[in-house]
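Okay, here's what each chain looks like letter by letter:
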Amino acid sequence: MFRTATERLARWQAAGLDTGVFHAGFYMAWDRYAELGLSQMLPLHRVLVGAESSRPGAFGGFHHPDQGYRHLQMIALVTMHGPLGRDVPERASLALLDLLRAYAHDCLHFGSRRRYVDIDGRLVRTQYGINFRRASGRTYSAADPKDAPHTRNLGVVMEGACDREARRITREAAARVGVEEPGDAVGRLAFRDVTGTLAGDEGAASADAPTDEITRYTGALWRYEAGVNRRYASFLDEFAPGEQEDLHTLVLRSVISGATGALSGWLDDRHGPGTFAGLFRTLEYFDPGVPV
């Protein structure tokens, strides 16, 4: 059952849950994103939160399959963290932090610059943030190799930038309200995931044994951590040693505006002319002889 975030939060409050940590993070995100150039936050009535599942053993949260932001519909589909067979969360603090992380993350997707063109009646997105696609479908940058520790893919850079910011807001909101890390393994892993404080490969072996929904969920968590967050952190360390936050902020501003000039100039000043294209653009992007 999907309900708007506004309705879901109201139901949780009516059940006696303190939703203060979400609202604290909401206003923190509002202020931060305004500084980055985002003029409108994703409306809470366009965030649909799923719970009350009829599937035995259903388990939800940020890494639940098939959830996320839908660009054309301009809605975010998310699930309540924890067991989904109920209306209110089993662990209120974790569910609220997880919802805050998802909301802050999807606000940046909602606010990213997009450009569409009509090709014979078919709508084709040719720009998303700082990533580009030819009308034929050819993409600006190639996918990273499966086990690469770094990234040369703009989609990964943008996704990593959005999640780094969302986790920072969630971490600061948790600290402001005084939400403490749970003592059990599953709760601790979830808390460290939403606040961006994961270290090492704690529990990563669970990805190899998908025996139930919680195990599959933690496996998806670690795949996302390795394939997005750690690759983005590696990108910042590689190209902005000592200036990681400056580059991160510049990436976010560029994603929101869709303008790459300031980002390209910043990279050129430190690594030489043409760094942006040299890092991310495939040789085939402008080659008309290469099939899509």
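Keep in mind it's a predicted model, so treat the numbers as computed, not measured. (Residues numbered from 1 in each chain as written. Predicted model: local features only at pLDDT ≥ 70, side-chain atom pairs only at ≥ 80, totals over all residues. Heavy atoms only, no water.)

Enquirer: Describe the environment of arginine 171, with residues and values.
Expert: Within the secondary structure, arginine 171 sits in helix α4 (residues 154-177). When residues no more than four places from it in sequence are discounted, the contact partners of arginine 171 are Thr195, Gly196 and Thr197. (Helix = DSSP H or I, 4+ residues; strand = E, 2+ residues; numbered from the N terminus. Contact = heavy atoms within 4.5 Å.)

Enquirer: Run through unusual backbone geometry, naming residues and quoting values.
Expert: Of note, methionine 74 is a non-glycine position whose phi angle comes to about 55°, a positive value. Mapping methionine 74 onto the fold places it in the loop between β4 (68-70) and β5 (75-79). When its relative accessible area of 35% is taken as the criterion, methionine 74 is described as partly exposed. Phi angles above zero are rare outside glycine, and aspartate 120 is one such case at about 55°. With respect to the helices and strands, aspartate 120 occurs in the loop between β7 (114-119) and β8 (122-128). (Buried < 20%, exposed > 50% of the residue type's maximum accessible area, 1.4 Å probe, protein only.)

Enquirer: Go over the confidence of the model for the chain, please, and point to the residues and values.
Expert: Taken as a whole, the chain shows an average pLDDT of 93; of its residues, 95% reach a score of 70 or greater. When the criterion is pLDDT under 50, residues 204-210 qualifies, and its contacts beyond four places in sequence or with other chains add up to ten contacts. (pLDDT = per-residue confidence, 0-100.)

Enquirer: Report on the nonpolar core, specifying residues and quantitative values.
Expert: What tends to happen in soluble globular proteins is that the nonpolar side chains get buried as a cluster. With 74 residues, the main nonpolar core has Phe22, Tyr33, Tyr103, Phe235 and Leu247 as its most contacted residues. Examining the composition of this core, we find that twelve residues originate from one element, helix α3 (residues 92-111), more than from any other. In contact with phenylalanine 22, other than residues within four places in its own chain, are Leu9, Leu44, Leu96, Leu99, Leu100 and Tyr103. (Core = buried A, V, L, I, M, F, W, Y, C linked by side-chain atoms within 4.5 Å.)

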